[in-house]
Amino acid sequence: MTVLVTGATGNVGRKVVESLLAAGVPVRATSRNPKTAGLPAGVDVHAGDLDDPGSFKDALSGVEKLFLFPNPSGIAEFLDLAKASGVRHVVLLSSAAVGAPDVTSHPIGLMHLSVEQAVERSGLARTVLRPGAFASNALQWAPAIRESGEVRIPYAESTLSPIHERDIAAVAVQALLTDGHEDATYELTGPESMTQRRQAELIGAATGRPVAVVDLVDGAARAQLELDYGGFGVPGLIDSVLGTYAASVGTAAPVTDTVARITGRAPTAFADWALEHRQAFTAA
Ligand SMILES: NC(=O)c1ccc[n+]([C@@H]2O[C@H](COP(=O)([O-])OP(=O)(O)OC[C@H]3O[C@@H](n4cnc5c(N)ncnc54)[C@H](OP(=O)(O)O)[C@@H]3O)[C@@H](O)[C@H]2O)c1
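Because the structure is predicted, anything quoted here is derived from the model rather than measured.

Comments concerning the UniProt feature "domain: NAD(P)-binding" (unreviewed entry) in the protein
Under the local residue numbering, the UniProt record ascribes the feature "domain: NAD(P)-binding" (unreviewed entry) to residues 7-177. Taken end to end, residues 7-177 is 37% helix and 20% strand, and its two terminal C-alpha atoms sit 19 Å from one another.

Structure follows, in structure tokens:
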């Protein structure tokens with residue numbers, strides 16, 4: 001049985017590829033730039049651009065199971081092609097934002113919802129993964145922490161339950177390789193709720209150099225988010241992120257037991273993610 005991993009060069013996709021290889025499963029992977037994908041030996045790497053579903057004709061040949069990166073453009077056409085090629089089961093990387101109570105005013109939630117709905121309409125067996133904030137989002141602080149030991153954080157007291165990308169991949173691999181995950185939707189989180197300030201503290205503990213946090217609220221938070229996300233040009237994105245951050249201050253972020261239930265092992269603590277990635281936060 002060949003498994004195709006799309007988004008194989010991403011934080012999650014790379015870990016899905018590694019785990020499938022370790023399990024001895026034939027892995028095919030796609031990238032828009034296969035020559036520079038840097039995937040391990042033993043992976044059958046093909047070109048594929050989800051914006052251009054026809055580019056997957058070769059990559060889908062002989063594939064039964066698919067790990068799908070959530071790219072909305074061309075999704076219906078891509079799924080038709082996958083079905084016609086013999087794919088039977090799709091494991092979709094979606095987002096916890098789909099479950100937000102105000103999803104209609106949440107551009108990220110709406111985008112992922114549109115992909116989930118397309119997968120549902122395709123009639124293929126599906127497993128939907130809805131992770132919350134990735135631990136790897138903290139890498140956006142790495143240049144500032146390396147250069148000055150200080151990071152400016154919009155709503156530093158806002159809370160999240162950061163999940164290690166390897167734990168998302170581990171659930172994906174279980175869903176791809178074992179029975180009983182068809183038509184399931186899994187809300188995935190890390191093991192504990194914490195503030196963004198606490199994440200920065202744990203990065204400081206991992207590197208041995210304390211991180212100074214500048215807590216930005218209101219207009220200052222908006223200005224920072226404009227710098228971080230303004231370039232994406234997504235209408236309503238900054239308002240929605242600001243609203244989510246502000247609303248979570250003083251509350252505990254949801255924590256699910258899904259990673260442990262599906263994989264049989266506890267999800268990785270953010271402190272351990274920080275230790276693993278401490279080099280990225282350490283000045284040369
Ligand atoms: N960050 C979070 O907190 C969070 C939370 C919930 C859900 N998510 C979801 O997870 C995604 C990020 O996943 P990640 O961190 O694993 O990825 P990533 O590290 O951001 O890398 C992006 C991946 O998407 C692929 N890609 C982008 N456009 C593509 C296209 N048109 N056709 C084919 N592949 C394309 C890239 O492949 P190539 O460049 O090699 O072609 C690359 O592998 C987000 O976009 C979101 O949907 C994120």
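Things to note about the pairing of strand β5 (residues 89-93)
Counted residue by residue, β5 has 5 buried out of 5 residues, so it is predominantly covered. Residues His89, Val91 and Leu93 point to one face of β5 and Val90 and Leu92 to the other, with burial holding for every one of them. Bridge count between strand β4 (residues 63-68) and β5: 4 bridges; the pairing is parallel. When the bridges of β5 are listed, phenylalanine 67 appears paired with valine 91. Note that the unit made of β4, helix α3 (residues 75-85) and β5 has a crossover that is right-handed. Inspection of the sheet shows β5 paired to strand β6 (residues 125-131) by 5 bridges, in the parallel sense.

Describing the domain arrangement of the protein
Per the domain assignment, the segments making up the protein are domain 1 (2-131) and domain 2 (133-162 + 190-253 + 265-284). Of note, the centres of domain 1 and domain 2, computed from C-alpha atoms alone, are 27 Å apart. Every contact between the two is made by 8 residues of domain 1 and, on the other side, 9 residues of domain 2. When domain 1 packs against domain 2, the two sides together hide about 550 Å² of surface, and 71% of this comes from carbon and sulfur. Where domain 1 meets domain 2, there are 0 salt bridges.

Regarding the packing of aromatic side chains
Taken as a whole and judged by the stated rule, the model has 4 aromatic pairs. When the centroid spacing of 6.1 Å and the interplanar angle of 65° are considered together, the rings of tryptophan 273 and phenylalanine 281 count as edge-to-face. The exposure class assigned to tryptophan 273 is buried, which follows from its relative accessible area of 0%. Among the aromatic residues, ring-to-ring pairing joins Phe270, Trp273 and Phe281 into one connected group.

Description of the sheet that holds β6
Pairing is parallel across the open sheet formed by 7 strands, whose spatial order is β3-β2-β1-β4-β5-β6-β9. Strands at the two margins of the open sheet, each flanked by one partner only, are β3 (44-47) and β9 (184-188). With direction set aside, neighbouring strand axes in the sheet form an average angle of 20°. Contacting β1 (2-5), β2 (27-31), β4 and β5, helix α1 (residues 11-22) crosses the sheet at an angle of about 165° to β1. Taken strand by strand, α3 contacts β4 and β5, and its axis lies near 155° from that of β4.

Focus on the site of the ligand
Taken together, 24 residues lie near the ligand, and Thr9, Ser31, Arg32, His112 and Asn137 sit nearest. Between the ligand and valine 12, the relevant distance is 2.8 Å, taken from an oxygen atom to a main-chain nitrogen or oxygen of the residue. One of the side-chain nitrogen or oxygen atoms of asparagine 137 is found 2.7 Å away from an oxygen atom of the ligand. Coverage of the ligand by the protein chains reaches 78% of its 930 Å² of free accessible surface. Tallied by class, residues from the shell around the ligand come to 9 nonpolar, 12 polar and 3 charged. Domain assignment of the residues forming the shell around the ligand places at least three in each of domain 1 (2-131) and domain 2 (133-162 + 190-253 + 265-284).

Rules used in this analysis
- Residues numbered from 1 in each chain as written.
- Predicted model: local features only at pLDDT ≥ 70, side-chain atom pairs only at ≥ 80, totals over all residues.
- Heavy atoms only, no water.
- UniProt positions renumbered as here; feature names shortened; annotations may be inferred.
- Helix = DSSP H or I, 4+ residues; strand = E, 2+ residues; numbered from the N terminus.
- Buried < 20%, exposed > 50% of the residue type's maximum accessible area, 1.4 Å probe, protein only.
- Pairing = 2+ DSSP bridges.
- Right-handed = clockwise from strand over helix to strand, strands pointing away.
- Domains from an automatic or database assignment.
- Contact = heavy atoms within 4.5 Å.
- Buried area = accessible area lost by both parts, 1.4 Å probe.
- Salt bridge = Lys/Arg side-chain N within 4 Å of Asp/Glu carboxyl O.
- Phe/Tyr/Trp six-rings, centres within 6.5 Å; stacked < 30°, edge-to-face > 60°.
- Axes fitted to C-alpha atoms, helices over the stretch in contact; angles between N-to-C directions.
- Near = heavy atom within 4 Å.
- Polar contact = N/O pair within 3.5 Å; in protein donor to acceptor, adjacent residues only side chain to side chain.
- Areas by Shrake-Rupley, 256 points an atom, 1.4 Å probe, with all protein chains shown as cover.
- Nonpolar A, V, L, I, M, F, W, Y, C, P; charged D, E, K, R; others polar.

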